[in-house]
Amino acid sequence: MIGMTPVLEARAISKRYGATVALSDVSFSLGAGEVCGLLGENGAGKSTLVKALSGVVPPDSGAMHLSGAPYRPSDINDAHRQGVATAFQELSLIPTLSVAINLFLPHPIVNFAGTVAWRRLEQDAADLLGKYGISAIDPLAPVADLPLGQRQRIEIVRAIARRPRLLLLDEPTAALADREWLFQLIARIVAEGTSILYISHKLDEIRRLCSRCIILRNGHKVLDRAVAAMSDEEIFRNMAGRSAVDRFVVVPSSVRAEAPPALRVTHLVGEGVDDISFSLQPGEILGVAGLEGQGQSRLFKSLVGLHPLRDGQIEVAGTPRILRSPRAARALGVVLVPEERKSEGIFKDLTTVANISLPAIEGASVWGLLNHRRERTLVRPVAAAVDLPEQFLPRGITALSGGNQQKAMLGRALIAAARCLLLFDPTRGVDVGAKQSIYRMMRDFVRDGGAILFYSTELDELVHLCDRCLVLYRNRVVGEVPRAALTQEQILSLAAGHAAPPVPAAAVPA
Amino acid sequence: MAQVAPADFLRTLKGAAVSLPGRLSRFAPAVGPTVAVVLYLVMYSVYAANESGALSLFGIGNLLNDTVVLAVAAAGLTLTVLTAEFDLSGIGVIAIANVVVATTSGGTAGWLVSLIAVLAVGAAVGLLNGWLVGVVRLQSLAVTIGTMIACEGVALMILAAPGGEVAGSIVNGLTGNVAGIPVAALVIVGILGLWFVLASTRFGIALYAVGTDENAAQLSGLAVRRTRLLAFVLAGAAYGFAGYMLSAQTGSGDPRASDSFLLFMYASAAIGGTSLMGGRGGVFGSVIGAGILTVMQKMLFALGAASFYTNVFSGIIMLVSILIGTLPTLLARLRPPRTA
Amino acid sequence: MTRRSAAPGETAAAMPDAPGRLRRLRNPALLPPVIVLACAILLIIATKLMNPGAGFGQQLAAVLVTSVFLVVAAFGQGLTILIGGIDLSIGIVIGIAAMMISVLTDGRDAALPWAVPLTLATGGAIGGVNGAGIALAGVPPFIMTLASGITFFGVGLGFTSGLAQEPVAPALGLLMSGHCYGVPIPILLIIAFAVAASVFQNGTAVGRKLYAIGSSAGAARVLGLPIAGLTILVYTLSGLCAAIAGLLLAGYSSAATLDMGTPLLLPTIAAVVIGGASVVGGSGTYFGTFAGAVFLSALGTVITVLSLSQGLRNVIEGAIIVVALLSQGDRWRQLWTWLQPQKRGRT
């Protein structure tokens, strides 16, 4: 790359959203045909950087150059014209439109009358799908009818088909089962001279594809170096801002094996839940692992009646129960902290204290009239239990950081006298400090005899926090790993569906 | 056309169907219009069986004349509904158009002057709505209530009480026949033709995309603001034209003539299978919906039912069509999911 | 109709949770209603200046008495909007209630003890049907209330054969024109109603849950709030309030027609919007709705005093709704914050 003008040069890019600094003085450059990894925890500023580069949001300050020429995209189409295309993480396809139309948005081919030339469009779409090795997809199918993995492929193919100089891939393998397809595609277009900024949090992908990687933390660039020169430990430390090793405190297991199980399910069957059985003791953290879309979300929802079950039995504290609604589950002490904090967790128009107190609001009122002092008295101890500073309580919940919002969600779960928490990826989009608070709250909760069913996308959390871990693959439990044997490799091989499930001891680990 | 083999032709049709109005995703949204067409035919048959003149040219022309105003207005409304916005300003624009025609259509070129005037007024109101909703991002329901009230006020200021006179050329020209075909039929066919062309233009596709998922549309590079703006402008022009047609029917101006229209405009769209959540449905369904509401009145009258049944039936049909429209979604939820 | 989210400052304010009273007064959500109420008072003062014959108190009383229908009916509308819905049947329920009470009493006070509860129950029942259709059958509120409005109007026509002008029980008329310790009874009614409504919406556990449902239906579902039950409750209350407004309107006009409530429908929505609530739900206070209702009523009085035409009156009302929206829009706030550093930069 020496002596050549870099394809992309970004200088001191900054972006603020209100009080939050999303990007601060980020500078880097990208050579022709280079694949550069972009790493960072959730909320580190990766998505904002992608948005700034792809023309979705203009940066507040800083300058960008493409092959030496100033690059200030006015919108995403302008970015396309200048040779920058993006495959977005959240997928930018229109579900009700066909694959063919989606591939050629925003400007599908039109004939002389200004109407879409359907036959040519379809032909072109079929050609394009064939060229990139996904001819199995029907160009006429509405995108809504395709599974997530195929939608992700279409999103990627659409970006590549714009023949960009610079391609931005934002978590392109989040829903892809067959990563080799993407890796081969990347090799092909890099050979043609395209540069790629590859955003991922999967280290193995970064090591395989990228020569160099950039790490963002809290909106700052903290590292920009050749990947081969760094150990995993070094990368983790830079992402998290501390050593990966000391993130977890080892505590003795508090499982109460002699007590009746806090939650026991046998042969649960429902849509996306295929014959699942497990038992959760008081004092136990039972992990659930699995790649995206292996039925974990439906399993958690079905346990509180948000997802219908066709068959199976649920016992709470030793008694068979029917949990028809989250309300019924809560009455028995089973509380779900859901996956989507934004759409299923927070009430954006309410204050933090009101968000937390809602399940116990009757207890804060006299003859139906709210008593604000009582409400605070109820909320204060649970806020303390999740390390939520008291000065945040009167503020609107949307004014809080993701981490503090999540603490409030956990506080809400605790306020209802929960005995069994179902935590679905509680540390997603949460800063390191909040993660520690959440881990501590989990340990305290089980120490006091509570039980936790814990799904996480972060394997190291599962390895370090769980007493046992179930691994899901295609809606079934394919393995149960006891604490002693719990390693990331073990979980991964089971989760990928490759290894034959080891037969675990039926006994609960001591 | 000769080279197009039948199989190819079918495939093209299917391809068009994928993104054409009301046939967006397999059978689900197509249920609305299909049910509506069946319902229309049933009601029409009942009507024809009980009314001797129903099948005569005069009878048909009469029915279409009664349908056309609502059909045109509902067609305009559908464009805004497809982008997942409300537009209540329609009746205000129709009121202005009606009094404008009643006060300006005299003279030799009066029909043309007033036509241009009503289209311009409609487009201008649409532009204001579209700017406030699409660009400034205010809540469409509240904005269009405001413009609707203001427009009705303007209509009252132009003509405080029913009166004025619509030029005979308009009355005779638009309610009669051309070459044996009722003008109303030509107008309806013209609106449908325009719609089918519009629906396969880039704007038409953007209309559905914006209504389905605004964020994805933006990331796909579609001009979300401009699409909404244009939808409101076209809707406004359609309301203006609907007011023009109304004037031809009534022959005079009445600032309050359109007061009851709003409910029936939305009813037409709902019966025709257009989702208020945006992105599903289309003008075809709405025109059929307007037809149903009109033929229903005729049918009930022919059956000798008291006039209040018309209201009861309109409401019930609206609800039933919505419930039928939601059935496929409910069924789809029961289908096993496919994983990657 | 989903996307516009309110700014944090405004949202936090939807629930007056701050400890001290002082803090509550600084609550930014209270600002729009206070400004609206101030505008209403300015309008009344203006009327007084233009019409020096009448005293300020008299003008105020006149405005308040005519605002009673809107104050009552807009409460129901505000609740449906709060949970992310809308009630388009209000106008028709008002008409049905007015007709019912006059037909049932036929000018006799003796019939009131059973006619009033029956009328109110009918209004509530229509609302309940709306709520059930929305909560249980999943029909969008706009369509459900539109359709039930059309349907029940038809039913009303069927019962009354479209006849109008029944005599109304004189006691109802007395209620609207009488005085109690020199204060017009409608004003006492307004005060009692406004206090009760405000306490219900902003001071009870149920009210809090309604804010939660309007704020995020998804989160309310996961939390296990009784969404269906509360939705039915809200629409039932809306029907009930419309029926109360209908009774009062019949008493005030001492006559009834089936469509006499129709002109009140849009002002109920306008009052809620002018009061600072978001049409997509989750925010606003009853105090705001009340201020909006009084303001619209004061505006009507000014226009009457100025003897402006009905047309100009509509134009002004429409423009005020749009201006109220513009002044609350996020865009406006953005523009404001965007202007400030610019100014500082220049000086």
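Residues numbered from 1 in each chain as written. Chains lettered and ligands numbered in written order. Predicted model: local features only at pLDDT ≥ 70, side-chain atom pairs only at ≥ 80, totals over all residues.

When its secondary structure is counted, chain C shows 16 helices and two strands. For chain C, buried positions account for 55% of its 347 residues. For chain C, restricting intrachain contacts to residue pairs at least 6 apart in sequence, the fraction spanning at least 24 positions comes to 78%. (Helix = DSSP H or I, 4+ residues; strand = E, 2+ residues; numbered from the N terminus. Buried ≥ 20, exposed ≤ 12 C-beta atoms within 10 Å, placed from the backbone. Contact = placed C-beta atoms within 7 Å.)

This part takes up the overall build of chain A. In terms of regular secondary structure, chain A is built from 17 helices and 22 strands. In terms of C-alpha radius of gyration, chain A reaches 25 Å, essentially the compact-globule figure of 24 Å for 510 residues. Summarising its shape, the C-alpha atoms of chain A cover approximately 70 × 50 × 45 Å along the three principal directions. The buried share among the 510 residues of chain A stands at 49%. Summarising the internal contacts of chain A: among those between residues at least 6 apart in sequence, 67% fall at separations of at least 24. (Rg over C-alpha atoms; globule rule 2.2 N^0.38 Å.)

Moving on: the interface of chain C and chain B. Counting residues at the interface gives 42 residues for chain C, matched by 40 residues for chain B. Those elements giving two or more residues to the side of chain C that touches chain B turn out to be α7 (141–160), α13 (262–274) and α15 (310–328) of chain C. Tallying contributions element by element places α15(C) first for the side of chain C that touches chain B, with 13 residues. Here the residues of the side of chain C that touches chain B sort into 25 nonpolar, twelve polar and five charged. (Nonpolar A, V, L, I, M, F, W, Y, C, P; charged D, E, K, R; others polar.)

Turning to the interface of chain B and chain A, a few remarks are in order. In this assembly, 31 residues from chain B lie in contact with 39 residues from chain A. Per-element accounting of the side of chain B that touches chain A gives the leading share, six residues, to helix α1 (residues 6–19) of chain B. Taken together, the residues of the side of chain B that touches chain A break down into 14 nonpolar, eleven polar and six charged.

Leu422(A), Val72(B), Ala73(B), Met245(B), Ala73(C), Val273(C) and Ile321(C) are the most contacted members of the largest nonpolar core, which totals 382 residues. The biggest single contributor to this core is helix α12 (residues 227–253) of chain C, with 17 residues. Apart from the residues lying within four places of it in its own chain, the contact partners of Val273(C) are Ala142(B), Val279(C), Ile321(C), Ala324(C) and Leu325(C). (Core = buried A, V, L, I, M, F, W, Y, C linked by C-beta atoms within 7 Å.)

Our next topic: unusual backbone geometry. A cis amide bond links Leu105(A) with the next residue in sequence, Pro106(A), at an omega value of 0°. You can see Pro106(A) is positioned in the loop between α3 (99–103) and α4 (118–131). Here the phi dihedral of Glu171(A) falls at roughly 45°; this positive angle occurs in a residue that is not glycine. One can find Glu171(A) in the loop between β7 (166–170) and α6 (179–191). With 21 C-beta atoms counted inside 10 Å, the residue Glu171(A) sits in the buried group. The backbone phi angle of Ala179(B) is positive, close to 50°, even though this residue is not glycine. Locating Ala179(B) in the fold gives a position in the loop between β1 (177–178) and β2 (181–182).

Moving on, we come to the packing of helix α3 (residues 57–82) of chain B against helix α12 (residues 261–271) of chain B. For any two helices packed against each other, one specifies the crossing angle of their axes together with the interaxial distance. Residue and element names in this part refer to chain B. Viewed as axis vectors pointing N to C, α3 and α12 meet at an angle of 65°, and their least axial separation amounts to 9 Å. Of the possible angle classes, the one that applies to α3 and α12 is roughly perpendicular. With respect to the hand of their crossing, α3 and α12 are arranged in right-handed fashion. On α12, the residues touching Leu70, Ala73, Ala74, Leu77, Thr78 and Val81 of α3 are Phe261, Phe264, Met265, Ser268 and Ala269. Considering only residue class, the contact of α3 with α12 consists of nine nonpolar, two polar and no charged. (Axes fitted to C-alpha atoms, helices over the stretch in contact; angles between N-to-C directions. Parallel < 35°, antiparallel > 145°, perpendicular 65-115°, else oblique. Left-handed = near helix turned anticlockwise from the far one by under 90°.)

Glancing now at the environment of Tyr309(B). Position of Tyr309(B) among the secondary structure elements: in helix α14 (residues 308–334). Classification of Tyr309(B) by C-beta neighbours within 10 Å gives partly exposed; the count is 18. Sequence separation of Tyr309(B) and Gln297(B) is twelve residues, and the distance between their C-alpha atoms is 8.7 Å. Beyond its immediate chain neighbours, meaning those up to four positions away, Tyr309(B) contacts Leu300(B) and Gly154(C).

This part is about the sheet that holds strand β22 (residues 476–482) of chain A. Residue and element names in this part refer to chain A. As summarised here, the arrangement of the six strands in space is β16-β19-β20-β13-β21-β22, forming an open sheet in which the pairing is mixed. With partners counted over all chains shown, the strands left at the sheet margins are β16 (334–337) and β22, one partner each. Each strand of the sheet is rotated relative to its neighbour by a mean of 20°, with strand direction disregarded. As paired elements, strand β21 (residues 468–473) and β22 share six bridges and run antiparallel to each other. (Pairing = 2+ DSSP bridges.)

To continue, consider the sheet that holds strand β10 (residues 220–226) of chain A. Residue and element names in this part refer to chain A. What the six strands build is an open sheet, ordered β6-β7-β8-β3-β9-β10; its pairing is mixed. Looking along the sheet, the strands with just one partner apiece sit at the ends: β6 (84–87) and β10. Mean inter-strand twist for the sheet, computed between neighbouring axes without regard to direction, equals 20°. Of the pairings in the sheet, the one linking β7 to strand β8 (residues 195–199) comprises five bridges and is parallel in character. Pairing of Leu166 across the sheet is with Ser195, part of β8. Sheet contacts for helix α1 (residues 46–54): β3 (35–39), β6, β7, β8 and β9 (212–217); angle to β7, the most-contacted strand, approximately 150°.

Moving on: the domain arrangement of chain A. On domain assignment, one finds that chain A holds domain 1 (8–96 + 142–246), domain 2 (248–333 + 418–495) and domain 3 (353–411). When each unit is reduced to the centre of its C-alpha atoms, the spacing between domain 1 of chain A and domain 3 of chain A is 38 Å. (Domains from an automatic or database assignment.)

On to the packing of helix α6 (residues 112–135) of chain C against α7(C). Residues and elements named next belong to chain C. The interhelical angle for the contact between α6 and α7, taken along N-to-C directions, is 145°, at an axis separation of 9 Å. Note on packing geometry: the crossing formed by α6 with α7 is right-handed. Along its contact with α6, which presents Ile126, Val129, Asn130, Gly133 and Ile134, the element α7 presents Pro141, Met144, Thr145, Ser148 and Phe152. Residue classes in the contact of α6 with α7 are distributed as six nonpolar, four polar and no charged.

This paragraph deals with α7(C). An α-helical turn contains 3.6 residues, so a residue and the one three or four places further along point in the same direction. Residues and elements named next belong to chain C. Given a rise of 1.5 Å per residue, 20 residues ought to cover 28 Å, and the 28 Å separating the end C-alpha atoms of α7 matches this to within 8%. Burial of α7 is extensive: 15 of the 20 residues sit out of reach of the surface. Ser161 sits one or two residues past α7 and shows a positive phi near 50°. (Expected span 1.5 Å × (residues − 1).)

As a further point, take the environment of Ala98(C). Residues and elements named next belong to chain C. Looking at where Ala98 falls in the secondary structure, it is placed in helix α5 (residues 90–105). Overall, the presence of 31 C-beta atoms within 10 Å leaves Ala98 in the buried class. Spatially, the C-alpha atoms of Ala98 and Met260 are 8.1 Å apart, while their sequence positions differ by 162 residues. In this structure Ala98 touches Gly246, Leu249, Ala250, Ala256, Met260 and Gly261, once residues within four positions along its chain are discounted.

So, about the confidence of the model for chain A. Mean pLDDT over chain A stands at 86; residues scoring 70 or higher make up 94%. For the stretch residues 500–510 of chain A, pLDDT sits under 50, and the model shows 16 contacts to residues farther than four places along the chain or on other chains. (pLDDT = per-residue confidence, 0-100.)

Attention now moves to the confidence of the model for chain C. Close reading of the predicted structure is inappropriate where its pLDDT is low. Residue and element names in this part refer to chain C. When pLDDT is averaged across chain C, the result is 82; 84% of the residues are at 70 or more. Segment residues 1–26: pLDDT under 50, and 59 contacts once partners within four positions in sequence are set aside and those in other chains are kept. Taken together, the stretch residues 336–347 has pLDDT below 50 and engages in zero contacts with residues farther than four places along the chain or on a different chain. The ipTM for the predicted assembly is 0.81, set against a pTM of 0.84.

A regular strand places its side chains so that they alternate between the two faces of the sheet. Residue and element names in this part refer to chain A. Side chains Val334 and Leu336 of β16 all project onto a buried face; the interleaved residues Val335 and Val337 project onto the opposite face, where all are buried too. As judged from the four bridges shared by β16 and strand β19 (residues 420–424), these two strands associate in the parallel manner. Residue pairing across strands places Val334 opposite Cys420, the latter belonging to β19.

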